[in-house]
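Secondary and tertiary structure notes
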Amino acid sequence: MEEQEKVKRIELEQDMSWKMYQILTITACTANLIGTICNFCIHGTKLPTILCGICLLMIVIIGIVGWTSKKVQIPAVLIILLLVWFEFPYLYYCYGDASIVYLILGVVGLAIFFPRNVVIVSFTVTLLEYLVIMMSSFERPSVWRNMDEAGKIGTTLGSFVFAMIFELLRSYEEQRKQLLSLSEDLNFAANHDPLTRLYNRRYLVNQVNEWICKPGKNFWIVLMDVDDFKAVNDTYGHGYGDDVLREAGRLMLEEMQGKGIAARFGGEEFMLVFERDDREQVLHSFRNIQEGLKRYSQNTRQTDITISGGMERYEADKQLDLLFTSVDRKLYTAKNNGKNRIVE
């Protein structure tokens, strides 16, 4: 079940990344096409038009590669690098302060698309490059720096288009994060008990059914119940009763790491499923939980809260309902024989 959840989360992330890549390639191609046409109308076939056309061609080629392969992370990074480290600095050098918004957009683009572990390095490289470009532009202005009104309008239009692109992508990235977070929350709520944070009965049954389907798979289950829990609630209040259940859940979660799963089976009942066929491990874990709960109750209310259990080994071809019925009978026997014990 955990593997299935992980696969679904990865598929969702890939789907969202694919949609962001579509937006990036389409809008980058569109904006560069507009920029190439504007530069051609203003400058003819001079260097600004040629370089814009080269950027357009490279974005189209990279976009097609990512579009056909569906592997979009590297193509997206290449498009951003082309824009941020080549086209945007070039536009600033050519047109000066009127196009400074491109440099700002470049930094924003890095934050949106680059992996978090390389963002700081890429920021540093980008800012150093931009500093060099600004100094070069100041000391040796380009021949296109003094634009006429039409040129300024074209540059402003290009800046506006790119600003809209990155704002759209930023919003989409935020929505992607929220959707992934919501998906994780929903998955957790569907499979976990809200009070103890343990798995719920539905998840446990599905997991045990998966193990039963594996040929030759033997494992142990333990059904546990907090002794005299009604008396605990009546004496110390339901708030403390919830605290006891939470502490029991914490102890079980800690004890079962690497051994199997722990679930709240219902009310004050819990079930442990040990993946290994190891009787001594089962008994040792039960004693640890038993002692931990007693220690907690002594520290908080100077009383002994105990727990009883039944344990059952699953063997091939045993039905799940019979397995649960058998372990429930053993728990009942433990209760009738004085509580605070486990029955095999």
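A closer look at the overall build of the protein chain
Of regular secondary structure, the protein chain possesses eleven helices and five strands. Within the protein chain, buried positions represent 45% of all 344 residues. Roughly 18,100 Å² of accessible area belongs to the protein chain as shown, and the carbon and sulfur atoms make up 59% of that amount.

Overview of the pattern of salt bridges
Where charged atoms from two side chains of opposite charge come close, those side chains can pair. Within this structure, the stated rule accounts for 17 salt bridges. Of the charged contacts, one joins Glu315 and Arg313 as a salt bridge, the two residues approaching to 2.5 Å between their closest N and O atoms. According to the relative accessible area criterion, Glu315 is partly exposed, its value standing at 41%. Each of the salt bridges in this network shares a partner with another, and the network as a whole consists of Asp225, Asp227 and Lys335.

Some remarks on the packing of aromatic side chains
In total, this model carries six aromatic pairs according to the counting rule given. A centroid spacing of 4.9 Å and a plane angle of 20 degrees characterise the contact between Phe219 and Tyr314, whose relative ring orientation is stacked. Of this pair, Phe219 sits in strand S1 (residues 219-226) while Tyr314 sits in strand S4 (residues 307-314); the two residues are 95 residues apart in sequence, bridging distant segments of the chain. Considering the side-chain rings of Phe265 and Phe324, the 5.4 Å spacing of their centres and the 80 degrees angle between planes classify their relative orientation as edge-to-face. One end of the pair, Phe265, is in strand S2 (residues 260-266); the other, Phe324, is in helix H11 (residues 320-336), and 59 residues separate them in sequence. Accessibility assignment for this pair places Phe265 and Phe324 in one class, buried. Geometry around Trp211 places Lys217 over its ring, the cationic atom sitting 5.3 Å from the centre.

A short note on the nonpolar core
Ranked by internal contacts, the top residues of the largest apolar core, which has 29 residues, are Val222, Met224, Val226, Val244, Met252, Phe270 and Leu272. Those elements that place two or more of their residues in this core are S1, helix H8 (229-236), helix H9 (238-255), strand S3 (269-274), helix H10 (279-301) and S4. Residues contacting Met252, with those up to four places away along its chain left out, are Leu198, Met224, Ala262, Phe270, Leu272, Ile289 and Ile307.

So, a nonpolar patch on the surface
Residues Leu47, Ile50, Ile54 and Met58 make up a contiguous nonpolar surface patch of about 330 Å² in total accessible area. In this fold, Met58 is placed in helix H2 (residues 47-69). Since its relative accessible area comes to 37%, Met58 is described here as partly exposed.

Examining H9
In a regular helix each residue adds 1.5 Å, so 18 residues correspond to 26 Å; H9 covers 26 Å between its end C-alpha atoms and thus fits that length. By the burial criterion, the buried members of H9 are Tyr240, Gly241, Val244, Leu245, Glu247, Ala248, Gly249, Leu251, Met252 and Glu255. Packed against the buried residues of H9 are S1, H8, S2, S3, H10 and S4.

A short note on the sheet that holds S3
Strand order in this open sheet of five strands is S2-S3-S1-S4-S5, and the pairing throughout is mixed. The two strands at the open ends of the sheet, each matched to only one other strand, are S2 and strand S5 (342-343). Summarising the sheet, S4 and S5 pair through two bridges and their orientation is parallel. Paired with Gly310 across the bridge in S5 is Val343. Against the sheet, helix H7 (residues 201-212) contacts S1, S2, S3 and S4, and its axis sits at roughly 135 degrees relative to S2.

Considerations on H2
Helix length check: H2 (23 residues) gives 33 Å between terminal C-alpha atoms against 33 Å at 1.5 Å per residue, within 8%. Residues of H2 that are buried include every one of Pro48, Thr49, Leu51, Cys52, Cys55, Leu56, Ile59, Ile62, Gly63 and Gly66, and no others. Directly after H2, the chain includes Lys70, whose backbone phi takes a positive value near 65 degrees.

Examining the packing of H8 against H9
Packing of H8 against H9 leaves a shortest axis separation of 6 Å and a crossing angle of 135 degrees. One finds that H8 runs oblique with respect to H9. Here H8 contributes Phe229, Val232, Asn233 and Tyr236 to the contact with H9, which in turn contributes His238, Tyr240, Gly241, Val244 and Leu245. Residue classes in the contact of H8 with H9 are distributed as six nonpolar, three polar and no charged.

Topic: the side chain of Lys217
Relative to the elements of secondary structure, Lys217 occurs in the loop between H7 and S1. Within the structure, the side chain of Lys217 is placed 3.4 Å from the backbone oxygen of Glu275, a separation counted as a polar contact. Dropping the residues within four chain positions of it, Lys217 is found in contact with Trp211, Glu275 and Tyr314.

As for the environment of Leu47
Within the fold, Leu47 resides in helix H2. The spatial distance from the C-alpha of Leu47 to the C-alpha of Cys94 is 9.8 Å, given a sequence separation of 47 residues.

Describing the side chain of His192
With respect to the element layout, His192 can be found in the loop between helix H6 (149-191) and H7. Judged by its relative accessible area of 14%, His192 falls in the buried class. In this structure His192 touches Arg197, Leu198, Tyr199 and Asn200, once residues within four positions along its chain are discounted.

Thresholds applied
- Residues numbered from 1 in each chain as written.
- Predicted model: local features only at pLDDT ≥ 70, side-chain atom pairs only at ≥ 80, totals over all residues.
- Heavy atoms only, no water.
- Helix = DSSP H or I, 4+ residues; strand = E, 2+ residues; numbered from the N terminus.
- Buried < 20%, exposed > 50% of the residue type's maximum accessible area, 1.4 Å probe, protein only.
- Areas by Shrake-Rupley, 256 points an atom, 1.4 Å probe, with all protein chains shown as cover.
- Salt bridge = Lys/Arg side-chain N within 4 Å of Asp/Glu carboxyl O.
- Phe/Tyr/Trp six-rings, centres within 6.5 Å; stacked < 30°, edge-to-face > 60°.
- Lys NZ or Arg CZ within 6 Å of the ring centre and 35° of its normal.
- Core = buried A, V, L, I, M, F, W, Y, C linked by side-chain atoms within 4.5 Å.
- Contact = heavy atoms within 4.5 Å.
- Patch = residues over 30% accessible without salt bridge, like charges linked within 9 Å, V, L, I, M, F, W, Y side chains within 5 Å.
- Expected span 1.5 Å × (residues − 1).
- Pairing = 2+ DSSP bridges.
- Axes fitted to C-alpha atoms, helices over the stretch in contact; angles between N-to-C directions.
- Parallel < 35°, antiparallel > 145°, perpendicular 65-115°, else oblique.
- Nonpolar A, V, L, I, M, F, W, Y, C, P; charged D, E, K, R; others polar.
- Polar contact = N/O pair within 3.5 Å; in protein donor to acceptor, adjacent residues only side chain to side chain.

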